[in-house]
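Listed below are the residues making up each chain.
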Amino acid sequence: MKRVVITGAGTINALGHDVAQTQEAMREGRCGIGELEFRDVDRLAIRIGGQVRGYDAEAVFNRQQLALYDRFTQFTLLAARQAMAQSGLEFSGELANKSGVVLGTSGGGLTTQDENYRAVYEEGKNRVHPFVVPKLMNNAAASHVSMEFNLRGPSFTVATACASSNHAMGQAFQMIRTGMCTAMITGGSESMLCFGGVKAWEGLRVMTKDACRPFSATRNGMVQGEGAGIFVFEEYEHAKARGATILAEVLGFAMTSDAADIVMPSKQGAARAISGALADARIDKTRVGYVNAHGTGTAANDKTECAAVADVFGTHADKLMMSSTKSMHGHLIGGTGAVELLACLMALNEGIIAPTINYEEPDPECALDVVPNEAREAEVDVVLTNAFAFGGLNAVLALGRV
Amino acid sequence: MDVKDQVIAIIAEQAMLEPSDVALDSTPEDLGIDSLGLVETIFAIEEAFDISVPFNANDPTASDFDISSVAKIIEGIQTLIKEQSS
């Protein structure tokens, strides 16, 4: 089995337009959530979100590119460019043939769908732009990444709601580990912050109108975010031979299905994914110092997740830290695990644990060290990142330093 | 702007050229407009004149609409405007 390392990272999200800005915000416990700004927001009951601000698409992409790139694709390409620049990789010849792109998204080009449904249904237009289909399709971002960087191997998109990017990164990891691929661009992207996107979530009544407060007894729901997190995963010997900077090693991955309920999480499903990732990584649970929680800020997720962690880790659960950075950047749905991986890289490389902000009051059902409100310095050896999706599909990655 | 100038302006924008650089005898290919670009051009023309252009991207040469040169495109548009406004 090959070892798999991360040699590049990129992002754009509510906390920043690159990794440095995002990690700085995580260190400072800054909140990127604010009033939503888009057409018809006054018709929504939920008006807050982790929106990407200060972003001018026309300064980055030309008119013809914008005709084809939905916002989720734009975010993906921006983050991929950063990750590729950091990795220093160039894809040609046999390396290009053995490298690919696996990305996660849930809504894909949802903004494009929303705008065009509005045009034909509300405005009564009978003609839509010819690129609606190639712009909205869920694999558009993966395809544009493959085109921009000449990745000619296995490439596809996975959609498992809130676990999409963890499933994507897990796939990329396994493809390199088995020797099928040499390098992969992976992660995820989401852009659902438009009228239809938020209206649909509003219907489920799990969204908060004020703030995302994971694990706090006062929590009252989730807040949506948007953006992308993109990474270059690379076979260890290949990275070492070219002298690449290694950000972390991906040690293990597991995925499970609750096979129970379409929205309610299951402690057993989550626990099996966590213990599965540890078993896959062949690491003792006592080595885990930090868990980046799924931590959505809903009543159901947070208590179920804490119970699952307590079950898996036993007495060690009281020694590890677990935080939810969704309190700062919101829930990026299909892109969330990818942006949250940046908190894991920060923990491993800088010894700084991102906090769970907006924490007000302990909840006896979430009685773990959730790193409330302020970042903490701590040396950690192994970290986990959890994602538990609607539909009961769970994906957990284990990472460590090389 | 008359129909001719408007069509040239749409084609020029698609080709990222100045309208003065769009010669009447050039083909879409000469101007660097690929198949996807041609579909987008037709869409922009339909929007501008509120007409329906019988253009089939599966096989553009088999369409009733002649796209062999800028002049032919303009001619076709003028005919369609007359037909579809009556």
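Because the structure is a prediction, the values reported are computed rather than measured.

A.B. asks: Describe the overall build of chain A, listing the residues and the values that go with them.
C.D. replies: Helix and strand counts for chain A come out as 15 helices and 14 strands. Computed over C-alpha atoms, the radius of gyration of chain A comes to 20 Å, within 12% of the 21 Å expected from 2.2 N^0.38 for 402 residues, which places it in the range of a compact globule. A principal-axis box enclosing the C-alpha atoms of chain A has dimensions of 65 × 55 × 40 Å. Residues classed as buried in chain A amount to 59% of the 402 residues present.

A.B. asks: Pulling in residues and values, what's your account of the domain arrangement of chain A?
C.D. replies: Residue and element names in this part refer to chain A. Splitting chain A by domain gives domain 1 (4–241) and domain 2 (254–400). Elements represented by at least two residues in the side of domain 1 that touches domain 2 include exactly β1 (4–13), α1 (19–28), α9 (164–177), β6 (183–190) and β7 (227–235). Here the side of domain 1 that touches domain 2 is composed, by residue class, of 25 nonpolar, 29 polar and six charged.

A.B. asks: Go over the pairing of β1 of chain A with me, naming the residues and quoting the values.
C.D. replies: All names here are of chain A. With 10 of 10 residues buried, β1 lies mostly within the body of the structure. When β1 meets strand β8 (residues 248–257), the two strands line up antiparallel, connected through three bridges. Within β8, the position partnered with V5 by the bridge is E249. Where β1 and β7 come together, nine bridges link them in antiparallel fashion. Bridged to I6 within β7 is F233.

A.B. asks: Quick rundown of the nonpolar core? Include the residues and the values.
C.D. replies: Residue and element names in this part refer to chain A. One finds M184, I185, F233, I274, A277, V309 and V383 to be the most contacted residues of the largest nonpolar core, which totals 126 residues. It is helix α15 (residues 336–350) that provides the largest number of residues to this core, a total of nine residues. Taken domain by domain, this core gets at least three of its residues from each of domain 1 (4–241) and domain 2 (254–400).

A.B. asks: How would you explain the sheet that holds β1 of chain A if you had to name every residue and give the values?
C.D. replies: All names here are of chain A. Read across the open sheet, the 10 strands follow the order β5-β4-β6-β7-β1-β8-β14-β13-β9-β10; overall the sheet is mixed. In this open sheet, the two strands that pair with only one neighbour each are β5 (155–158) and β10 (321–323). Averaged over all adjacent pairs, the angle separating strand axes in this sheet is 25°, with direction ignored. Examined bridge by bridge, strand β9 (residues 288–292) and β10 share three bridges and lie parallel to one another. Bridge assignment links N292 to a residue of β10, and that residue is S323. On top of the sheet, helix α8 (residues 140–149) reaches β4 (99–104), β5 and β6; it is set at about 150° to β4, its chief contact.

A.B. asks: Which residues make up α9 of chain A, and what values go with them?
C.D. replies: Between its first and last C-alpha, α9 of chain A extends 20 Å over 14 residues, near the 20 Å set by a 1.5 Å rise per residue. For α9 of chain A, the buried fraction is high: 13 of the 14 residues fall into the buried class.

A.B. asks: Account for the interface of chain A and chain B, with residues named and values stated.
C.D. replies: Taken together, the contacts link five residues of chain A with five residues of chain B. Residue composition of the side of chain A that touches chain B, grouped by class: three nonpolar, one polar and one charged.

A.B. asks: Go over the environment of N220 of chain A, please, and point to the residues and values.
C.D. replies: Residue and element names in this part refer to chain A. Here N220 shows up in the loop between α10 (195–204) and β7. Given 16 C-beta atoms within a 10 Å radius, N220 is considered partly exposed. Once the C-alpha coordinates of N220 and L342 are considered, the two residues, 122 residues apart in sequence, prove to be 26 Å apart.

A.B. asks: Outline the environment of I46 of chain A, listing residues and values.
C.D. replies: Residues and elements named next belong to chain A. Position of I46 relative to the elements: it lies in the loop between β2 (34–35) and β3 (48–49). Separated by 178 residues in the primary sequence, I46 and Q224 place their C-alpha atoms 9.8 Å from one another. Apart from the residues lying within four places of it in its own chain, the contact partners of I46 are V198, E202, M207 and K209.

A.B. asks: How would you explain the confidence of the model for chain A if you had to name every residue and give the values?
C.D. replies: Predicted confidence across chain A gives a mean pLDDT of 98, with 100% of residues reaching 70 or more. Mean pLDDT values for the elements of chain A range from 93 in helix α3 (residues 63–68) of chain A up to 99 in β7 of chain A.

A.B. asks: Kindly report on the packing of α9 of chain A against α15 of chain A, identifying the contributing residues and their values.
C.D. replies: Residue and element names in this part refer to chain A. One can describe the packing of α9 onto α15 by two numbers: an axis separation of 6 Å at closest approach and a directional angle of 75°. On the basis of their axis angle, the class for α9 and α15 is roughly perpendicular. Contacts between α9 and α15 involve S165, N166 and M169 from the former and T336, G337 and A338 from the latter. Here the residues of the contact of α9 with α15 sort into two nonpolar, four polar and no charged.

A.B. asks: Would you mind going over the packing of helix α1 (residues 3–15) of chain B against helix α3 (residues 70–85) of chain B in detail, with residue names and values included?
C.D. replies: To describe two helices that pack against each other, one gives the angle between their axes and the distance between the axes. Residue and element names in this part refer to chain B. Taken N-terminus to C-terminus, the directions of α1 and α3 make an angle of 125°; their axes are 10 Å apart at the nearest point. Looking at the two axes, α1 sits oblique to α3. Between α1 and α3 lies a crossing of right-handed hand. Between α1 and α3, the contacting residues are V3, K4, V7, I8 and I11 on the first element and V70, I73, I74, I77, Q78 and I81 on the second. Residue composition of the contact of α1 with α3, grouped by class: nine nonpolar, one polar and one charged.

What counts and what doesn't
Residues numbered from 1 in each chain as written. Chains lettered and ligands numbered in written order. Predicted model: local features only at pLDDT ≥ 70, side-chain atom pairs only at ≥ 80, totals over all residues. Helix = DSSP H or I, 4+ residues; strand = E, 2+ residues; numbered from the N terminus. Rg over C-alpha atoms; globule rule 2.2 N^0.38 Å. Buried ≥ 20, exposed ≤ 12 C-beta atoms within 10 Å, placed from the backbone. Domains from an automatic or database assignment. Nonpolar A, V, L, I, M, F, W, Y, C, P; charged D, E, K, R; others polar. Pairing = 2+ DSSP bridges. Core = buried A, V, L, I, M, F, W, Y, C linked by C-beta atoms within 7 Å. Axes fitted to C-alpha atoms, helices over the stretch in contact; angles between N-to-C directions. Contact = placed C-beta atoms within 7 Å. Expected span 1.5 Å × (residues − 1). pLDDT = per-residue confidence, 0-100. Parallel < 35°, antiparallel > 145°, perpendicular 65-115°, else oblique. Left-handed = near helix turned anticlockwise from the far one by under 90°.

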